[in-house]
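Structural description and commentary
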Amino acid sequence: MLEICQKELDSLLWELRKRDQGHRLSWERFKGAFLAKSTQESIQNLSRQCESLNSLLWIDVAVLGATIHKEVREGRKEQQEWHQADTKITLAIRDGAILDWLTPTDYSSEQSDFISRRQEGTGQWLLDCVEFQEWMHTDRQTLLCPGIPGVGKTILTAIVVNDLATRFTDNTTIGIAYIFCNFRRQGEQQPKDLLESLLRQLAEVQASLPESVMALYNKHKGRRTRPSLDEISTSLRSVVAVFSKVFIIVDAIDECQVLGGYRSKFLSKIFALQKETKVKLFATFRTNLDIEKNFKGHLSREILASDRDVQTYLDGHMSQLHECVSSSPKLQEEIKAVFSMTVGGMFLLAEFYLRELGQLQVPKAIRTALNQFKIEAQDSSDNRKFKVLLKVYDRAMDRIIGQGDDFGLLAKKVLSWITYATRPLTTLELRHAMAVEIGELELDEENLPKIGDLVSVCAGLVTVDKTSDIVRLVHKTAQEYFEHTQTRWFPDADADIATICVTYLSHSAFEGVGGPKDNDFEKPLQSNHLFEYAARNWGHHARTRPANSELNMLVLQFLESKSKVAGASHAMLTLGNHFFHRQKAAMGVKGLHLAAYFGLRNAAIELLKKGHDLEAIDADGRTPLIWAIDNGQEELVGVLLPKVLGIDKCDTSRRTALHHAASIGQITSMHLLIQHQADVEARDFQGQTPL
């Protein structure tokens, strides 16, 4: 268009110049030039082109304006989306912190590990049975699944959880919460702990954190207190009410602690919840008449591995046997027939029998072993299957000892730690424990064994949970076997563990750790993986061990070292998620405090003989006597009291030893303190007396 206008202008200019040529220039002549037909056509054409150009420009302006408006609007929308995303992230971080405060326990790793161990196709019989279907479709229904040891109750529980999660993946109105009870975790699976876990699981799947959970957090976090059992129950009830129905699945409820009435308290809370909401309860347990009495009148289905499941398991694992089996269909059928006859619905027994056969390389040896299995199955006593398991464990230990001194001793050391550690260990913790050399001041990285080697020398008695990285015995019955045979296999287990723990805490890497100016306390924990376990548990093992002069001397040397005590107490005393809380709690802690904490009577007496101050206080003003009281060490309280000068000495909250004993119900300590003339009228900062 611009080119056309340029041509018209050039043509018009040429015409005007042509008119200009001549001798006379007058107005008439100039006017005539514009009256010429060609000139008028050019002018009209230019006018049209200008109008078109002007229209196009206005169109461009309009388009540009619309584009700018759109981009501004999209920019605002993007900004809003960024803001919303940022808000969601902030809320997610906040909600995660609140849920972690409620309880850090997460059973999803166990669920993932257990379901991964399932042999594909097994367990379907339970999902299809009449009792399960009735449980699925009836509100407030309970299904009990008792079973003898080793029948696969835990794997079946994982199958149930997986089935429910698959069925209701897109249904946010249905809640699913589950617990895997474990006899090794009874200290962290008390009634309130279990209810807190259920509350967390049901709260974290909701679009926003429930108000009842927020209220608990706001009430207790600032005070550094914890919700009571009743508060957790009330919050759980309000969260459950949001769902149209809730499934609660509890595995191995028999492993929930009985002492203190903990199991009864937990069940009573669940039953009360069922009465007020639409909760369905699924529970497995080792056959137990006391538990069954609590569930009288409810649906029940005994768990036994079906013949079909055992055959499916064998089909999936037959390839683990020697080539002489895979090349002989007849021998395979013999193995299946004997297993069907002897395992009696116990997956665990099938697993061990299969492992024993895996050690054999000729058909004759395999058939001899099969005959042995049949002989063991002929015992008709009520506890036959458990007695068979004991024989299987005996043979496994014989194979371990038969590996030779080096491998045999290593396996016994591994089994000892896993059996008698106060809590489950991670693979790195176990590796570091195995690498400790008594008398050495450093951990030699070249002495760290691989976890695969530690597992392989244990003849199938040890397994690693892949998701949680926890190393454990293959089954609870293995724990019971080793506890039953401790004097035979591990007579000095606690003394040996205590010695390794104290040696580890005495390594030069921890010199200066935990001092007042140490702001990088976390760093040693990152590379010295046994440090926290050793700091928190060495005294428990030292207290339960038989008398051992070498260990006694090692303990005294440790307790007399200010720097080592400072480092250990920092790891032991976690009063919150922040370094400052832990640092403040551990400041001022002396060796005598630690001896009191663990109830180490002989060590405390020796420290006093060496002149250690019984009146020494920590950062909270607590004396060793108060430490002994707070941790239930009543025997040691009786030892220390006659030597205490200030029986009514107050902590920073003006609480006396008697206040501490009364607040936690230490009746024996209260009697001892009153007998020694403790002031029953002493008042703390809140004006409260001990009584």
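Residues numbered from 1 in each chain as written. Predicted model: local features only at pLDDT ≥ 70, side-chain atom pairs only at ≥ 80, totals over all residues. Heavy atoms only, no water.

**So, the nonpolar core**
Here is the rule: Residues enter a nonpolar core if they are buried and are Ala, Val, Leu, Ile, Met, Phe, Trp, Tyr or Cys, with the set joined through side-chain atoms within 4.5 Å. Note on classification: 1.4 Å probe, protein chains only; a residue is buried when its accessible area is under 20% of the maximum for its type, exposed when over 50%, partly exposed between these limits. Helical segments are the DSSP runs of H or I of at least four residues, strand segments are the runs of E of at least two, and each set is numbered from the N terminus. Contacts are assigned to residue pairs that have any heavy atoms within 4.5 Å of one another.
Core analysis: the biggest nonpolar cluster contains 186 residues, and Phe 266, Ile 335, Phe 339, Leu 415, Trp 417, Trp 538 and Leu 673 have the highest contact counts within it. Take this core: its biggest share by element is 9 residues, from helix 24 (residues 493-505). Discounting chain neighbours no more than four positions away, the residues touching Phe 266 are Ile 179, Pro 191, Leu 194, Leu 195, Leu 198, Val 250 and Ile 253.

**Considerations on the packing of helix 28 (residues 562-572) against helix 30 (residues 591-598)**
Packed helices, taken two at a time, are described by the angle between their axes plus the distance between the axes. Just so we agree on the cut-off: Lines fitted to C-alpha atoms define the axes here, with helix axes fitted over just the stretch in contact, and angles between the N-to-C directions of these axes take values from 0 to 180 degrees. Every angle not falling under 35 degrees, over 145, or within 65 to 115 is termed oblique; those three ranges are roughly parallel, roughly antiparallel and roughly perpendicular. Crossing handedness is read from the near helix: turned anticlockwise from the far helix by less than a right angle, it gives a left-handed crossing, and turned clockwise, a right-handed one.
One way to put it is that helix 28 packs onto helix 30 with a least axis distance of 10 Å and a crossing angle of 45°. Overall, the two elements helix 28 and helix 30 adopt an arrangement that is oblique. Note that helix 28 runs across helix 30; the crossing there is left-handed. Here Val 565, Ser 569 and Met 572 of helix 28 come into contact with helix 30, specifically with Gly 591, Leu 594, Tyr 597 and Phe 598.

**Quick word on the packing of helix 17 (residues 363-376) against helix 18 (residues 384-401)**
Let me state the cut-off plainly: Any residue outside Ala, Val, Leu, Ile, Met, Phe, Trp, Tyr, Cys, Pro, Asp, Glu, Lys and Arg is labelled polar, Gly included; the first ten of those are nonpolar and the last four are charged.
Running from N to C, helix 17 and helix 18 point in directions that differ by 145°, and their axes come no closer than 10 Å. Two secondary-structure elements touch here, helix 17 through Gln 372, Phe 373 and Glu 376 and helix 18 through Arg 384, Val 388, Lys 391 and Arg 395. In terms of residue class, the contact of helix 17 with helix 18 is made up of 2 nonpolar, 1 polar and 4 charged.

**Brief notes about the confidence of the model for the chain**
Short version of the rule: Note: pLDDT gives the predictor's confidence per residue, expressed from 0 to 100.
For the chain, the mean per-residue pLDDT works out to 85, and 87% of the residues sit at or above 70. Across residues 575-583, confidence stays below pLDDT 50; counting only partners more than four residues off in sequence or on other chains, it has 19 contacts.

**Some points on the layout of surface pockets**
Operational definition: Grid points spaced at 1 Å and placed over the protein atoms alone form the basis of the search, with a cavity being a set where a 1.4 Å probe fits but cannot get out and a pocket an open set showing protein on both sides within 12 Å along at least five of seven lines. Lining residues have an atom within 4 Å of a point. Grid points are joined across faces, edges and corners, and a volume is the space filled by probe spheres set on the points.
Taken as a whole, the second largest pocket spans an internal volume of roughly 420 Å³. Taken together, 22 residues line the second largest pocket, and the ones lying closest to its centre are Ala 165, Ile 176, Tyr 178, Gln 201 and Val 205. For the lining of the second largest pocket, the secondary-structure elements that each account for two or more residues are helix 4 (108-116), helix 7 (153-167), strand 2 (174-180) and helix 8 (191-204). Sorting elements by how many residues they give to the lining of the second largest pocket places helix 8 first, with 5 residues.

**Some details on a nonpolar patch on the surface**
The condition is simple: In this analysis, a patch consists of residues with relative accessible area above 30% that form no salt bridge, clustered at 9 Å for like charges and at 5 Å for the nonpolar side chains Val, Leu, Ile, Met, Phe, Trp and Tyr. The accessible surface values rely on the Shrake-Rupley method and a 1.4 Å probe; as for residues, cover is taken only from the protein chains in view. The working definition used for a salt bridge is a side-chain nitrogen of Lys or Arg within 4 Å of a carboxyl oxygen of Asp or Glu.
Taken together, Leu 56, Ile 59 and Val 63 make up a surface patch of nonpolar side chains, about 260 Å² in accessible area. Within the secondary structure layout, Ile 59 lies in helix 3 (residues 37-102). Given a relative accessible area of 47%, Ile 59 falls into the partly exposed group.

**Overview of the packing of aromatic side chains**
Selection rule: Note on aromatic contacts: the rings of Phe and Tyr and the six-membered ring of Trp form a pair at centre separations within 6.5 Å, being stacked when their planes are under 30 degrees apart, edge-to-face when over 60 apart, and tilted otherwise.
What the rule picks out here adds up to 22 aromatic pairs. Residues Trp 135 and Phe 282 carry aromatic rings whose centres are separated by 5.7 Å and whose planes lie at 55° to one another, so their mutual orientation is tilted. Highlighted residues: Trp 135 in helix 6 (residues 130-136) and Phe 282 in strand 4 (residues 279-286), separated in sequence by 147 residues. Of the residues examined, Phe 282 reaches a relative accessible area of 0% and is grouped as buried. With a centroid separation of 3.6 Å and an interplanar angle of 10°, the aromatic rings of Tyr 353 and Phe 373 are classed as stacked. Taken together, the positions of Tyr 353 in helix 16 (residues 347-358) and Phe 373 in helix 17 put the pair 20 residues apart, joining distant regions of the chain. Residue Tyr 353 is classed as buried on the basis of its relative accessible area, which comes to 1%. Judged by its relative accessible area of 1%, Phe 373 is buried. Grouped by ring-pair contacts, the aromatic residues Phe 352, Tyr 393, Tyr 420, Tyr 481, Phe 482 and Phe 490 constitute a single cluster.

**Concerning the sheet that holds strand 7 (residues 462-465)**
Strand-to-strand pairing in sheets goes through backbone hydrogen bonds, with the strands running parallel or antiparallel. Definition in use: By definition, two strands form a pair when at least two bridges between them are found by DSSP.
Taken in spatial order, the 3 strands line up as 6-8-7 in an open sheet, and their pairing is antiparallel. Edge strands, defined here as strands with exactly one partner in the open sheet, are strand 6 (425-426) and strand 7. In this sheet, strand 8 (residues 470-473) lies alongside strand 7 in antiparallel orientation, the contact comprising 4 bridges. By the bridge assignment, Val 464 is partnered in strand 8 with Val 471.

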